[in-house]
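Single-letter residue listing:
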Amino acid sequence: MALRCGIVGLPNVGKSTLFNSLSRARAESANYPFCTIEPNVGIIPVPDTRLDNIARLARPEKVTPTAIEFVDIAGLVKGASRGEGLGNQFLSNIRQTDAIIHILRCFEDENVAHVDAHVDPVRDKEVVDAELQLKDLETIENRMEKVDKQAKSGDKEARRLLQVLSRYREHLSQGQPAHSLELEKEDRRMVQDLQLLTDKPILYVCNVDEQSTAGSNEHVEHVKQAVADEDAEVVVIAASIEAEIAELDDEAEQQMFLREMGLKESGLSRLIRKAYKLLHLETFFTTGPKEVRAWTVKKGTKAPQAGGIIHSDFERGFIKAEVIKYDDFFHYGSEAACREAGKIHLEGKDYVVRDGDIIYFKFNV
């Protein structure tokens, strides 16, 4: 499963600069609003030293990392839910993503214009939040109009759905995001197809200047205070530094550059790790002479369903899974050595895949 994240924010907060540095797609970047008109999409391999180490030991013909898909969505402005700026077009693009990465400008630069004249990331956050909530309110009310007729005809399921929609409408009208509404799981499933924007997990990226990359600044601290009660993640990145890293093709040069900047890893690595944590994702591996590959699953996924991500036959005809823990594979150096040391575990249908597992699926169809 490829993780799909929508990058949103006000104009001129650094979205396209960050997108360019992450994907090297070279989306147009300029110092004026609405530079990005169509959403740019970049599929980026997920850096994972475990995959690199497995490949080094297994020496396959091919190495395939798992991927994350970034969608750079043009800048929202106040009134976007009513069509201001490029409005509804962008909001519909966000609807197709698994998570929202909200870029907040946390740096001062008189050479980069701000749509509201001065930098205030908390205010910017509230503008985007309000537009997403208003769009969700519109979505809920449109569905209520359709369901109301069915409910009046005596349809019990429609009446229950109408009650759920009414609760969402009241909650959103009070300026609260959909994800904070307390509902039974079954009630929440009833509106899942609406893909409410404020029901999506959100990761806030504080775009800072180079001096604040290894630490923080006043703007970042204000953001952290503002989102303290949210079930969200915050990561601090200097998009300008990520752009410089992206220009270095040699990994050794990248690592040297990071050390010079006082950083242990790139912003991309930190962002992806936070995104995986936010969405409760894990990685397992498959290995063989032809390919070593990383796969992404939700935490709690059982072995047959993990196999189904590779091929439906793996799930349909699942017999068992041979599992090697990454640390054991790294220590012993090969599947054969792990087998000889008794480090391969046979697991059945109820086995819950763990992050870092190396799995060989046995199936018959």
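See the structure printed just above.
Residues numbered from 1 in each chain as written. Predicted model: local features only at pLDDT ≥ 70, side-chain atom pairs only at ≥ 80, totals over all residues. Heavy atoms only, no water.

Participant: Describe the overall build of the protein, listing the residues and the values that go with them.
Facilitator: If you tally the helices and strands in the protein, you get 14 helices and 12 strands. Within the protein, the proportion of its 365 residues that are buried is 50%. Carbon and sulfur atoms make up 47% of the accessible area of the protein, which totals about 18400 Å². (Helix = DSSP H or I, 4+ residues; strand = E, 2+ residues; numbered from the N terminus. Buried < 20%, exposed > 50% of the residue type's maximum accessible area, 1.4 Å probe, protein only. Areas by Shrake-Rupley, 256 points an atom, 1.4 Å probe, with all protein chains shown as cover.)

Participant: Mind laying out the state of the cysteines, listing which residues take part and the relevant values?
Facilitator: Per the stated rule, a full pass over the model turns up 0 disulfides. The cysteine cysteine 106 is free of any disulfide, with cysteine 206 supplying the nearest cysteine sulfur at 3.9 Å. A relative accessible area of 0% places cysteine 206 in the buried class. (Disulfide = S-S within 2.5 Å.)

Participant: Let's hear about the packing of aromatic side chains: which residues, and what values?
Facilitator: Per the counting criterion, the structure on display carries 5 aromatic pairs. By way of ring pairs, the aromatic residues Phe284, Trp295, Phe314, Phe361 and Phe363 are connected into one cluster. (Phe/Tyr/Trp six-rings, centres within 6.5 Å; stacked < 30°, edge-to-face > 60°.)

Participant: Give me the sheet that holds strand β2 (residues 40-45): which residues, what numbers.
Facilitator: Read from one edge of the open sheet, 6 strands run β2-β4-β1-β5-β6-β7, paired in mixed fashion. Only two strands of the sheet have a single neighbouring strand rather than two, namely β2 and β7 (233-237). Between one strand and the next, the sheet's axes are offset by a mean angle of 25°, whatever the strand orientation. As defined by bridge partners, strand β6 (residues 202-207) adjoins β7 across 5 bridges and the pair is classed as parallel. Counterpart to leucine 203 in the pairing with β7 is glutamate 233. (Pairing = 2+ DSSP bridges. Axes fitted to C-alpha atoms, helices over the stretch in contact; angles between N-to-C directions.)

Participant: Any chance you could break down the pattern of salt bridges for me, citing the residues and the numbers?
Facilitator: Per the counting criterion, the structure on display carries 21 salt bridges. Note that lysine 152 and aspartate 148 form a salt bridge whose closest N and O atoms lie 3.2 Å from each other. A residue pair is termed a helical-turn pair when its members lie 3 or 4 positions apart in one helix, as lysine 152 and aspartate 148 do in helix α4 (residues 121-152) at 4 residues. Looking at lysine 152, the relative accessible area reads 68%, which means it is exposed. Owing to a relative accessible area of 27%, aspartate 148 belongs among the partly exposed residues under this scheme. Salt-bridge contacts for arginine 188 lead to aspartate 199; the nearest nitrogen and oxygen are separated by 3.3 Å. (Salt bridge = Lys/Arg side-chain N within 4 Å of Asp/Glu carboxyl O.)

Participant: Mind laying out the environment of threonine 213, listing which residues take part and the relevant values?
Facilitator: With respect to the helices and strands, the residue threonine 213 is situated in the loop between β6 and α7 (218-226). Threonine 213 gets classed as buried once you look at its relative accessible area, which sits at 8%. Linking threonine 213 and valine 236, residues 23 residues apart in sequence, is a C-alpha distance of 6.7 Å. If we ignore the near neighbours within four places in the chain, the residues touching threonine 213 are Val208, Val236, Ala238, Ile241 and Leu263. (Contact = heavy atoms within 4.5 Å.)

Participant: Pulling in residues and values, what's your account of the packing of helix α8 (residues 239-246) against helix α9 (residues 251-260)?
Facilitator: α9 packs onto α8 with a crossing angle of 150° between their chain directions and a minimal axis gap of 10 Å. The angle between the axes of α8 and α9 places the two elements in the roughly antiparallel class. Classified by chirality, the crossing of α9 by α8 is right-handed. Where α8 approaches α9, its residues Ile241, Glu244 and Ile245 are matched on the opposing element by Gln254, Phe257 and Leu258. (Parallel < 35°, antiparallel > 145°, perpendicular 65-115°, else oblique. Left-handed = near helix turned anticlockwise from the far one by under 90°.)

Participant: Describe the side chain of arginine 123, and please don't skip the residues or the numbers.
Facilitator: By the element assignment, arginine 123 lies in helix α4. Under the relative-accessibility criterion, arginine 123 is labelled buried at 18%. Within the local environment of arginine 123, its side chain forms a polar contact with the side chain of aspartate 124, the two groups lying 3.0 Å apart. (Polar contact = N/O pair within 3.5 Å; in protein donor to acceptor, adjacent residues only side chain to side chain.)

Participant: Let's hear about the nonpolar core: which residues, and what values?
Facilitator: Of all hydrophobic cores here, the largest spans 55 residues; its most connected members are Leu3, Leu18, Ile68, Phe70, Ile101, Val205 and Cys206. Looking at this core, the element that brings in the most residues is helix α10 (residues 267-278), giving 6 residues. Not counting residues up to four positions away in its chain, the partners in contact with phenylalanine 70 are Cys5, Ile7, Phe19, Leu22, Asn40, Val41, Gly42, Ile44, Ile101, Leu268 and Leu271. With 19 residues, the next largest nonpolar core counts Val147, Val164, Leu165 and Leu196 among its residues. (Core = buried A, V, L, I, M, F, W, Y, C linked by side-chain atoms within 4.5 Å.)

Participant: Give a description of the pairing of strand β4 (residues 67-72) that names residues and reports values.
Facilitator: With 5 of 6 residues buried, β4 lies mostly within the body of the structure. Where strand β1 (residues 3-8) meets β4, 5 bridges bridge the pair, whose relative direction is parallel. If you follow arginine 4 over to β4, its bridge partner there is glutamate 69. Sheet topology note: the β2/β4 ladder contains 6 bridges and is antiparallel. Residue pairing across strands places isoleucine 43 opposite glutamate 69, the latter belonging to β4.

Function-wise, these values are silent; they only describe arrangement.
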